[in-house]
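Fold and geometry: a report
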Amino acid sequence: MQTTTTPPRLLADQQTEAFDVEYVIPQLWALIEPHLEPRLARPSRFLDVGGGNGIFTDRVLDAYPQAEGVIVEPSQTLRERNLPRPSKTLVSGTFQGAAFDPRHRFDVIFFNWVLHHFVADTYRQTQALQLQGLIDARNLLAPDGILVIFENYYPGLLIDDLPSRLIYTLTASRLLKAFTQRLGANTAGVGVCFHSLHAWLNKVSQAGLTVEATHPGYRYGTLSPTKRLLLHMRNAEVGAIIARADA
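Keep in mind the model is a prediction, meaning the values are calculated, not measured.

Each value, and the rule that gives it
Residues numbered from 1 in each chain as written. Predicted model: local features only at pLDDT ≥ 70, side-chain atom pairs only at ≥ 80, totals over all residues. Heavy atoms only, no water. Helix = DSSP H or I, 4+ residues; strand = E, 2+ residues; numbered from the N terminus. Buried < 20%, exposed > 50% of the residue type's maximum accessible area, 1.4 Å probe, protein only. Contact = heavy atoms within 4.5 Å. Areas by Shrake-Rupley, 256 points an atom, 1.4 Å probe, with all protein chains shown as cover. Lys, Arg positive; Asp, Glu negative; His and termini not counted. Charge placed at Lys NZ, Arg CZ, Asp CG, Glu CD. Expected span 1.5 Å × (residues − 1). Arc of directions from axis to C-beta. Core = buried A, V, L, I, M, F, W, Y, C linked by side-chain atoms within 4.5 Å. 1 Å grid on protein atoms, 1.4 Å probe; cavity = no way out; pocket = protein on both sides within 12 Å on 5 of 7 lines; lining within 4 Å. Points joined across faces, edges and corners; volume = space filled by probe spheres on them. Nonpolar A, V, L, I, M, F, W, Y, C, P; charged D, E, K, R; others polar. Pairing = 2+ DSSP bridges. Axes fitted to C-alpha atoms, helices over the stretch in contact; angles between N-to-C directions. Parallel < 35°, antiparallel > 145°, perpendicular 65-115°, else oblique. Left-handed = near helix turned anticlockwise from the far one by under 90°.

A short note on the overall build of the protein
- When you go through the protein residue by residue, the secondary structure sums to 9 helices and 7 strands.
- Seen through its principal axes, the protein has C-alpha atoms that stretch 50 × 35 × 35 Å.
- Counting across all 247 residues of the protein, residues that qualify as buried make up 51%.
- Residue pairs at least 24 apart in sequence account for 73% of intrachain contacts in the protein once pairs closer than 6 positions are excluded.
- For the protein, the exposed area adds up to about 11,600 Å²; of that, 56% sits on carbon and sulfur atoms.
- Within the protein, one finds 23 positive and 23 negative side-chain charges whose respective centroids are separated by 7 Å.

Here is the structure:
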């Protein structure tokens, strides 16, 4: 059982429908492949946290047929869209509630745009939940194992991680749910908690992990300049963090 101080808020099925896609495009796969090759090109195990429809896990298994993949996913709708295969195991529920055997560790653990969904009833509890998730993942790594973290980075204009608090406050409020839905927030009423790259790297360090590499992916912009200004945001960027447990 993972150790955590508070259970995460979960999106409704109609909200998780928006995630029935594959975000790891070839450009991003090329960033992480050199880190996967020495860990998965042999009999090995990997964990895909919030692996959803299983398309990414299938891709890893196709590339590394000696590996075994485990998906932990709370959404029944997304779990049911997985194609069955002998080397893939589906675990129903949250990462926080999953019972993993500590004797069977993972060579790679993937957090593909998942950590920003580790949200709780307050911003402080959310920070603790995200940090604990990284600690629990570190404790599940095999020797020389790595975490692969894909995230959207939302740096602030003047105060680095201020957009994180503003976006969480707006999206987590049930009173503001109708308002934030009209603004286009799919996570309205539940919450989402992005961070800047600097803030994520701080969390990785606090969790007792060492950064092996960071890889910028691409910049993107779905918000208007006015919305970005109101949220104190600079340009958003997709990127990957590769981290391993401290020796």
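Some remarks on helix α5 (residues 123–139)
- Here α5 contains 17 residues, and its C-alpha end-to-end distance of 25 Å stays within 8% of the 24 Å for a straight helix at 1.5 Å per residue.
- Where α5 is buried, its residues touch β4 (106–112), β5 (141–153), α6 (162–172), α8 (197–206) and β6 (209–220).

A few points about α6
- Those residues of α6 that fall on the buried side of the exposure criterion are Pro163, Ser164, Ile167, Tyr168, Thr171 and Ala172. Seen along its axis, α6 keeps its buried residues to an arc of 135°; they face one direction.
- Packing partners of the buried residues in α6 comprise α5 and α7 (177–182).

A word on the nonpolar core
- Counting 29 residues, the largest nonpolar core has Leu47, Val49, Phe95, Phe100, Ile109, Phe111 and Leu147 as its most contacted members.
- Listing elements by their share of this core, those giving two or more residues are β1 (44–49), β2 (67–73), β4, α5, β5, α8 and β7 (236–245).
- Once you skip the residues sitting within four places of it in the chain, Phe111 turns out to touch Val49, Phe95, Phe118, Gly133, Ala137, Leu147, Val148, Ile149 and Phe150.
- Core analysis: the second largest hydrophobic core is formed by 23 residues, Leu36, Trp113, Phe150 and Ile242 among them.

Description of the layout of surface pockets
- Looking at the second largest pocket, its volume works out to about 190 Å³.
- The wall of the second largest pocket is formed by 15 residues, among which Arg45, Val70, Thr89, Val91 and Phe106 lie closest to the centre.
- Looking at side-chain class alone, the lining of the second largest pocket contains 7 nonpolar, 4 polar and 4 charged residues.

Quick notes on the environment of Leu140
- Assignment of secondary structure puts Leu140 in the loop between α5 and β5.
- Sequence separation between Leu140 and Asp107 is 33 residues, and the spatial gap between their C-alpha atoms is 8.8 Å.

Side note on the sheet that holds β1
- Across the sheet, 7 strands lie side by side as β3-β2-β1-β4-β5-β7-β6; this open sheet has mixed pairing. Each having just a single partner strand, β3 (88–92) and β6 make up the two edges of the open sheet. Neighbouring strand axes in the sheet, compared pairwise and without regard to direction, differ in orientation by 15° on average.
- Note that β2 and β3 share 5 bridges and pair parallel. Paired with Val70 across the two strands is Thr89, which belongs to β3.
- Against the sheet, helix α3 (residues 55–63) touches β1, β2, β3 and β4, its axis set at about 165° to β1.
- The sheet strands contacting α5 are β4, β5, β6 and β7, and the helix crosses β5 at an angle near 150°.

Thoughts on unusual backbone geometry
- With a phi close to 70°, Asp144 is a non-glycine residue in the positive phi region.
- Note on placement: Asp144 falls in strand β5.
- Although it is not a glycine, His232 adopts a positive phi angle of roughly 65°.
- Here His232 is to be found in the loop between α9 (225–230) and β7.

Considering empty space enclosed by the protein
- Overall, the coordinates contain 1 cavity of 30 Å³ or more when judged by the stated rule.
- Computed from the structure, the largest cavity encloses a volume of approximately 50 Å³.
- Partitioning the lining of the largest cavity into residue classes produces 5 nonpolar, 3 polar and 1 charged.

Some points on the packing of helix α2 (residues 26–40) against α3
- Interhelical geometry of α2 versus α3 gives an angle of 50° and a closest axis separation of 11 Å. When the axis of α2 is compared with that of α3, the two are oblique. Between α2 and α3 lies a crossing whose hand is right-handed. Contacts between α2 and α3 involve Pro26, Trp29, Ile32 and Leu40 from the former and Phe56, Arg59, Val60 and Ala63 from the latter.
- Of the residues contributing to the contact of α2 with α3, the split by class is 7 nonpolar, no polar and 1 charged.

Honestly, that's just the spatial picture; any functional story needs more than this.
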